[in-house]
Amino acid sequence: MRRRPAQAAAAALVVSAALAGACGPAPRPAPAPPPPTPVPTREVPPVVGLALGGGGARGFAEIGVLRVLEQEKIPVGIVVGTSVGSLIGALYADTGRVLDAELHALTITEEDIFDYKALAFLSGGLAKGDRLERFLDANLSHRTIESFRVPFAAVAADLATGTAVVFDRGPAARAVRASCAIPGVFVPVEIGGRTYVDGGVVDPVPARVARQKGAQVVVAVSVPARLPVTAPRTPIEVVTQSITIMAAEIGRLRARDADVVIEPDAGDVAYDDFGKRKRLIEAGEAATRKALPAIRAAIAAATRRVPAPVP
């Protein structure tokens, strides 16, 4: 059956249009979505805590540690001290300036700490400790721990329970005196109806306390005494060396809670030898500079990136 002319023409137009479409340009692809806008971030460094251990006069090495940390612009956010570490720590945390702590530490004398009394031993020690408390009251800019520039805590031992007690509030001089009350040397200290002695009895290097107080990186300073080459012979020497060995071992165990442990070489300096302060400070500096790579690595590992605030 033949198509009509009009139908044939319409069919031809449809075929032509189809062929023209097939041979024409391809449709343009949809534009790609714009890349996401990067969210601005900032670095948040960790809180660095310093755990200062005991050691009597050997604790002057801790001034050298603080000096290097300040020179290297490593901020100390928390200070926790045991025994002489609480004394050095309080002198620093009071204003947050190493120079202040160093000036006070260099002016303190043996008489400012060891106020020996003839009948003091009847109260549990050879020295009362009143002079140490008066020295701190006279030289600290802030009387209470909570008013210090840098958060601070002193560790003492409860003589009745044998537990470590952390003083982070209240009169600073009294807390430090309790933390420094070496058994048998100082009369125990009463605070709030409880009796306290040197914190080194239970926690010679308070690294764990520093972390509990909020430190994210803990740098501990341990200044153990060097044991004599020859064995002790007298009863007093035997007791003294036995206590030294015990304290050093406890200190090593406690120091494991730190990220970095600094051990200044105090040589054979005795706990009551105040004549070698310069040598001890230099030993603290040398040990800290040696530990700087480990300290920086610990800080870098604990540094976080968080979204920056919108301006």
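Because the structure is a prediction, the values reported are computed rather than measured.

## Details of the overall build of the protein
Each helix and strand counted, the protein has 10 helices and 10 strands in total. Here the protein displays about 17,000 Å² of accessible surface, and carbon together with sulfur accounts for 60% of that area.

## Focus: the pairing of strand E5 (residues 164-167)
Only one face of E5 is covered, namely the one carrying Val165 and Phe167; the face carrying Ala164 and Val166 has none of its residues buried. Inspection of the sheet shows strand E4 (residues 152-158) paired to E5 by 4 bridges, in the antiparallel sense. By the bridge assignment for E5, Ala154 is matched with Phe167. The turn linking E4 back onto E5 is made up of 5 residues, and Gly162 within it adopts a positive phi angle of 75°.

## Here's the deal with the pattern of salt bridges
As enumerated under the stated definition, the model contains 16 salt bridges in all. Of the charged contacts, one joins Arg208 and Asp257 as a salt bridge, the two residues approaching to 3.1 Å between their closest N and O atoms. Highlighted residues: Arg208 in helix H8 (residues 207-212) and Asp257 in the loop between helix H9 (235-255) and strand E9 (260-262), separated in sequence by 49 residues. The shortest N-O distance in the salt bridge between Lys276 and Asp273 comes to 2.7 Å. Among the charged side chains, a salt-bridge network with shared partners connects Asp130, Glu133, Arg174 and Arg177.

## With respect to the packing of aromatic side chains
Using the criterion set out here, one finds 3 aromatic pairs in the structure. Both rings, one in Phe60 and one in Phe274, keep their centres 5.6 Å apart while their planes meet at 75°; by these two values the pair is edge-to-face. Of the two residues, Phe60 sits in the loop between strand E2 (48-52) and helix H2 (61-71) while Phe274 sits in the loop between E9 and helix H10 (277-302), which places them 214 residues apart along the sequence. Ring geometry for Phe167 and Tyr196: centres 5.2 Å apart, planes at 80°, overall edge-to-face.

## A look at the nonpolar core
Ranked by internal contacts, the top residues of the largest apolar core, which has 68 residues, are Leu50, Leu87, Tyr92, Ile113, Leu136, Phe152 and Ile295. For Phe152, the residues in contact, after removing those within four places along its chain, are Val79, Gly81, Ser86, Gly89, Ala90, Ala93, Ile145, Phe167, Asp168 and Val176. Judged by nonpolar contacts, the second largest core, of 14 residues, contains Val80, Val155, Ala207 and Ala210.

## A short note on the packing of helix H6 (residues 130-139) against helix H7 (residues 172-179)
Each pair of packed helices can be summarised by the angle the axes make with each other and by the distance between the axes. Packing of H6 against H7 leaves a shortest axis separation of 9 Å and a crossing angle of 145°. Note that H6 runs across H7; the crossing there is right-handed. On H7, the residues that touch Asp130, Leu132, Glu133, Leu136 and Asp137 of H6 are Ala173, Arg174, Val176 and Arg177. Across the contact of H6 with H7, the residue classes tally to 4 nonpolar, no polar and 5 charged.

## A word on unusual backbone geometry
Despite not being glycine, Lys73 shows a phi value in the positive range, around 55°. Along the chain, Lys73 turns up in the loop between H2 and strand E3 (78-82). Even without glycine at this site, Ser83 takes up a positive phi of about 55°. Along the chain, Ser83 turns up in the loop between E3 and helix H3 (84-93).

## Things to note about the side chain of Ser179
On the secondary structure map, Ser179 appears in helix H7. If we skip the residues at most four places from it in the chain, Ser179 touches Gly81, Thr82, Ser83, Ser86, Ala154, Val155, Ala156, Asp198 and Gly199.

## Observations regarding H3
Counted residue by residue, H3 has 10 buried out of 10 residues, so it is predominantly covered. Along H3, the residues that are buried comprise Val84, Gly85, Ser86, Leu87, Ile88, Gly89, Ala90, Leu91, Tyr92 and Ala93.

## Focus: the packing of H2 against H3
Running from N to C, H2 and H3 point in directions that differ by 40°, and their axes come no closer than 10 Å. Between H2 and H3, the interaxial angle falls into the category oblique. The element H2 and its partner H3 pack so that their crossing is right-handed. Contact with H2, carried on its side by Glu62, Ile63 and Leu66, involves Val84, Gly85, Ile88 and Tyr92 of H3 and no other residues of that element.

Conventions used here
Residues numbered from 1 in each chain as written. Predicted model: local features only at pLDDT ≥ 70, side-chain atom pairs only at ≥ 80, totals over all residues. Heavy atoms only, no water. Helix = DSSP H or I, 4+ residues; strand = E, 2+ residues; numbered from the N terminus. Areas by Shrake-Rupley, 256 points an atom, 1.4 Å probe, with all protein chains shown as cover. Buried < 20%, exposed > 50% of the residue type's maximum accessible area, 1.4 Å probe, protein only. Pairing = 2+ DSSP bridges. Salt bridge = Lys/Arg side-chain N within 4 Å of Asp/Glu carboxyl O. Phe/Tyr/Trp six-rings, centres within 6.5 Å; stacked < 30°, edge-to-face > 60°. Core = buried A, V, L, I, M, F, W, Y, C linked by side-chain atoms within 4.5 Å. Contact = heavy atoms within 4.5 Å. Axes fitted to C-alpha atoms, helices over the stretch in contact; angles between N-to-C directions. Left-handed = near helix turned anticlockwise from the far one by under 90°. Nonpolar A, V, L, I, M, F, W, Y, C, P; charged D, E, K, R; others polar. Parallel < 35°, antiparallel > 145°, perpendicular 65-115°, else oblique.

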